[in-house]
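As a plain string of letters, each chain reads:
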Number of protein chains: 2
Amino acid sequence: MIAGAGGAAPEVELGRRERTKQANRTAILLAARAVFADIGFGAATVRDIVRGTDLATGTFYNYFPDKESVLRALLEDTAGEARVRVRTARRDGATLEAFVRDGFRAYFDFLLEDPATSRMLSRNAGTIRAMFDEPSMVAGTEELTEDLRAGVAAGLIPQHDVEYMAASMVGAAFEVGARMLEAEQPDPGRATDAVSDLFIAGLSARRT
Amino acid sequence: MIAGAGGAAPEVELGRRERTKQANRTAILLAARAVFADIGFGAATVRDIVRGTDLATGTFYNYFPDKESVLRALLEDTAGEARVRVRTARRDGATLEAFVRDGFRAYFDFLLEDPATSRMLSRNAGTIRAMFDEPSMVAGTEELTEDLRAGVAAGLIPQHDVEYMAASMVGAAFEVGARMLEAEQPDPGRATDAVSDLFIAGLSARRT
DNA sequence: GCTGAACTTGACGCCCCCGTCACCTTCTGG
DNA sequence: CCAGAAGGTGACGGGGGCGTCAAGTTCAGC
């Protein structure tokens, strides 16, 4: 996590040296996130990122070898976290309803908690997809596919094309999430209701 | 349209001059489409595009002022066409079932008809969204929202959050379409069935 | 304090892109 | 067949990004 208290940080008193290092790294990640969100990863240059900090060019290369690794770090810090949270929420539900609703809710809450990262991710989704094999969303879809399959096996969910069902859920959540973020007064409840109602109905129905 | 017979082309015998012009323009658009799909619009340079043709740098500027207008032309030629087709198919259906099914079918058929453009679009969706105000997908979502609203007003569809419903449909179609294209043997019927079943159930259900 | 390691800095050489334009080739209309 | 317009060409100046590295600064530990 970049914004916020930083998870389970080691609560040791750090020396000035170490603190600067953390600060610099964070500054680079923050600046990069903004730049990638604003002009897109492809058009961004290492200089653009550096300009968003008060560091010198050379310093950047003490922390990351190139802009791609910055994106990678950004994804590890955030998208990974989001995935874990959504999956955990989902699995805690015992019913089909809870499975669906809690998963979506966790996702929309995450978007609102860290809108800067959300914007960056949605702006660069295509690039991320094309660039990495374990790209947040694809991995997320695969996990969802697994979980759906397990639900079907357990008799919790009727038979379905789980692969395309998972893709639909991810796509719908992505698109609705994007629209939610555009609202002046984002309402995760409304978003959750909309997609949950849809997929609960869709998943409950037997196939035609 | 780039690939194919080019709609209602004026069947006049053109002079050599005019033919070359058409060919050059097309060559640039084709090359650009490939480059944008491969490395993304942001990272692409005018030179990258030119290298994909056998033209000289200067020639490019006789046809387009910069790479952004090439993208714009690409979108007009294709995404616009796709939108019209999907909407037409959708509106021809008299029942909720047909409305949903025919619309999705038209979309998936389009993807398969012109996979090169599809790849380019999905790779650059975020950029396109951020760059234009009338960005194919957003406009498509708005049209769908209207049509859903009309369906609700006509009593064809139960009450729903039409805005998020439209977003869900677009998102699901996008994501399922992307997966369909990745398959060795893409099956638009399977894709259509998966999303249609889902949304027919979701749209038929009264709200909780 | 003092020293040496750790870190920061920004100028540097190389490379490539941008958009232009003077020159050349090719086609059209007469 | 010719003249002139239309269009193609690619070298050019200006700009800027890339990754490096020698010099300078700052901190930790003694």
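Residues numbered from 1 in each chain as written. Chains lettered and ligands numbered in written order. Predicted model: local features only at pLDDT ≥ 70, side-chain atom pairs only at ≥ 80, totals over all residues.

**Q** Please set out the overall build of chain A residue by residue, giving values where relevant.
**A** Looking only at helices and strands, chain A features 11 helices and zero strands. Start at the N end of chain A and walk to the C end: the helices and strands fall as α-α-α-α-α-α-α-α-α-α-α. Principal-axis analysis of the C-alpha atoms places the extent of chain A at approximately 60 × 40 × 35 Å. The burial tally for chain A puts 42% of its 208 residues in the buried class. In chain A, the proportion of contacts linking residues at least 24 apart, taken out of those at least 6 apart, comes to 62%. (Helix = DSSP H or I, 4+ residues; strand = E, 2+ residues; numbered from the N terminus. Buried ≥ 20, exposed ≤ 12 C-beta atoms within 10 Å, placed from the backbone. Contact = placed C-beta atoms within 7 Å.)

**Q** Before we move on, can you summarise the interface of chain A and chain B with the specific residues and values?
**A** Contact residues are listed per partner, giving 35 residues for chain A and 34 residues for chain B. For the side of chain A that touches chain B, the secondary-structure elements that each account for two or more residues are α7 (115–123), α8 (125–131), α10 (162–182) and α11 (188–204) of chain A. The element best represented in the side of chain A that touches chain B is α10 of chain A, accounting for 11 residues. Grouping the constituent residues of the side of chain A that touches chain B by class yields 18 nonpolar, 10 polar and seven charged. (Nonpolar A, V, L, I, M, F, W, Y, C, P; charged D, E, K, R; others polar.)

**Q** So what's going on with the protein's contact with DNA strand D? Residues and values would help.
**A** Surrounding DNA strand D, one finds 20 residues, the nearest of these being Gly-15, Thr-45 and Gly-58 of chain A together with Ala-56 and Gly-58 of chain B. Broken down by secondary-structure element, the contributors of at least two residues to the surface near DNA strand D are α1 (16–39), α2 (46–51) and α3 (57–63) of chain A together with α1 (16–39) and α3 (57–63) of chain B. Residue composition of the surface near DNA strand D, grouped by class: four nonpolar, 10 polar and six charged. (Near = placed C-beta within 6 Å.)

**Q** Lay out the relation of the copies chain A and chain B with the relevant residues and their values.
**A** Mapping chain A onto chain B is achieved by rotating through 180° and translating by 0.0 Å along the same axis, at an RMSD of 0.1 Å. The superposition of one copy onto the other is thereby described by a two-fold rotation axis. Taken as a fraction of all interface residues of chain A, those also at the interface in chain B reach 97%, which identifies the copy contact as same-surface. (Least-squares fit on C-alpha atoms with pLDDT ≥ 70 in both.)

**Q** Describe the packing of helix α6 (residues 96–113) of chain B against helix α10 (residues 162–182) of chain B, naming the residues involved and giving the relevant values.
**A** Residue and element names in this part refer to chain B. Close contact between α6 and α10 brings their axes to 10 Å; oriented N to C, the two are set at 40°. It follows that α6 is oblique to α10 by the angle criterion. In this structure, α6 meets α10 at a crossing whose hand is right-handed. For the pair α6 and α10, the contacting residues are Phe-104, Tyr-107, Phe-108 and Leu-111 in the first and Ala-173, Gly-177, Met-180 and Leu-181 in the second. Within the contact of α6 with α10, the residues separate by chemical class into seven nonpolar, one polar and no charged. (Axes fitted to C-alpha atoms, helices over the stretch in contact; angles between N-to-C directions. Parallel < 35°, antiparallel > 145°, perpendicular 65-115°, else oblique. Left-handed = near helix turned anticlockwise from the far one by under 90°.)

**Q** Could you give me a rundown of the environment of Leu-111 of chain B, with the residues and numbers involved?
**A** Residues and elements named next belong to chain B. Mapped onto the elements, Leu-111 comes out in helix α6. Accessibility expressed as a C-beta count within 10 Å gives 25 for Leu-111, which makes it buried. Distance from Leu-111 to Ala-166, taken between C-alpha atoms, is 19 Å for residues 55 residues apart in sequence. Discounting residues that sit within four places of it in the chain, Leu-111 has contacts with Ser-118, Gly-177, Met-180 and Leu-181.

**Q** So what about the protein's contact with DNA strand C? Which residues, and what values?
**A** If you check the shell around DNA strand C, you find 20 residues, and the closest are Ala-56 and Gly-58 of chain A together with Gly-15, Thr-45 and Gly-58 of chain B. For the surface near DNA strand C, the secondary structure elements donating two or more residues are α1 and α3 of chain A together with α1, α2 (46–51) and α3 of chain B. Across the surface near DNA strand C, the residue classes break down as four nonpolar, 10 polar and six charged.

**Q** Outline the packing of α11 of chain A against α10 of chain B, supporting the account with residue identities and numerical values.
**A** At a minimum axis distance of 10 Å, the contact between α11 of chain A and α10 of chain B shows a crossing angle of 60°. For the element pair α11 of chain A / α10 of chain B, the angle class is oblique. Remark: the crossing between α11 of chain A and α10 of chain B carries right-handed chirality. Taking contact as the criterion, the partners of Ala-191, Ala-194, Val-195 and Leu-198 of chain A in α11 of chain A are, on α10 of chain B, Tyr-164, Met-165 and Ser-168 of chain B.

**Q** Give me the lowdown on α7 of chain A, citing residues and values where you can.
**A** Where burial is concerned, most of α7 of chain A is hidden: seven out of the nine residues are buried. Along its buried surface, α7 of chain A packs onto α1, α5 (79–92), α6 (96–113), α8 and α10 of chain A together with α8 (125–131) of chain B.

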